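# Remarks on the overall topology
Each chain is listed here by its residues.
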Amino acid sequence: MNRLFWAAAGVTAGVVLTRKLTAAAAAFTPEGAADRLAGSLGTLGEAVREFGENLREAMWDREEELYDALGLNEVPPEPAGRRAH
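Because the structure is predicted, anything quoted here is derived from the model rather than measured. (Residues numbered from 1 in each chain as written. Predicted model: local features only at pLDDT ≥ 70, side-chain atom pairs only at ≥ 80, totals over all residues. Heavy atoms only, no water.)

### Observations concerning the overall build of the protein chain
Along the backbone of the protein chain there are two helices and zero strands. Computed over its C-alpha atoms, the radius of gyration of the protein chain comes to 33 Å, more than 25% above the 12 Å expected for a compact globule of 85 residues. Viewed in the frame of its principal axes, the protein chain has a C-alpha envelope of about 110 × 35 × 25 Å. Element-wise, carbon and sulfur atoms account for 65% of the exposed surface of the protein chain, whose accessible area totals about 8000 Å². Positive and negative charge centroids in the protein chain, built from 9 and 13 side chains respectively, lie 13 Å apart. (Helix = DSSP H or I, 4+ residues; strand = E, 2+ residues; numbered from the N terminus. Rg over C-alpha atoms; globule rule 2.2 N^0.38 Å. Areas by Shrake-Rupley, 256 points an atom, 1.4 Å probe, with all protein chains shown as cover. Lys, Arg positive; Asp, Glu negative; His and termini not counted. Charge placed at Lys NZ, Arg CZ, Asp CG, Glu CD.)

Structure, rendered in structure tokens:
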């Protein structure tokens, strides 16, 4: 029984090691490098898009602050001599 246990443990370790080595070797092939690069570029593109959205939102907020500070958001009063038709 003891030999059977160690044989099963050895086979399991061998299968796990073989699968990990195969995956690592596949990562160094041109296809594996292209997959990693594509994933990185997708992540980078998402980060750039999110940065742009945050930047535009901050610009709009600052523009509102400036309009409020300069009083440009207020509606000008009607001139005294004019009537609305």
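Having seen it, we continue.
### A short note on the packing of aromatic side chains
Taken as a whole and judged by the stated rule, the model has one aromatic pair. Residues phenylalanine 5 and tryptophan 6 carry aromatic rings whose centres are separated by 5.0 Å and whose planes lie at 75° to one another, so their mutual orientation is edge-to-face. Across this residue pair, the class does not change: phenylalanine 5 and tryptophan 6 are exposed. (Phe/Tyr/Trp six-rings, centres within 6.5 Å; stacked < 30°, edge-to-face > 60°. Buried < 20%, exposed > 50% of the residue type's maximum accessible area, 1.4 Å probe, protein only.)

### Some details on the pattern of salt bridges
Scanning all chains against the criterion turns up three salt bridges. Here arginine 49 and glutamate 46 are joined by a salt bridge, their closest N and O atoms 2.3 Å apart. Here arginine 49 and its partner glutamate 46 are both found in helix H2 (residues 30-70), three residues apart, which amounts to about one turn of the helix. For arginine 49, the salt bridge is made with glutamate 53, and the minimal N-O distance between the two is 2.4 Å. With arginine 49 and glutamate 53 both in helix H2, this residue pair falls four residues apart, about one helical turn. By relative accessible area, which is 41% here, arginine 49 ends up partly exposed. With a relative accessible area of 37%, glutamate 53 lands in the partly exposed category. One continuous salt-bridge network, built from bridges that share partners, spans Glu46, Arg49 and Glu53. (Salt bridge = Lys/Arg side-chain N within 4 Å of Asp/Glu carboxyl O.)

### Things to note about a nonpolar patch on the surface
On the surface, Leu37, Leu41, Leu44 and Val48 cluster together to form a nonpolar patch covering roughly 390 Å² of accessible area. Structurally, leucine 37 is set in helix H2. (Patch = residues over 30% accessible without salt bridge, like charges linked within 9 Å, V, L, I, M, F, W, Y side chains within 5 Å.)

### Remarks on the environment of glycine 32
Here glycine 32 lies in helix H2. You can call glycine 32 buried: its relative accessible area is 12%. Sequence separation between glycine 32 and leucine 44 is twelve residues; the distance between their C-alpha atoms is 18 Å.

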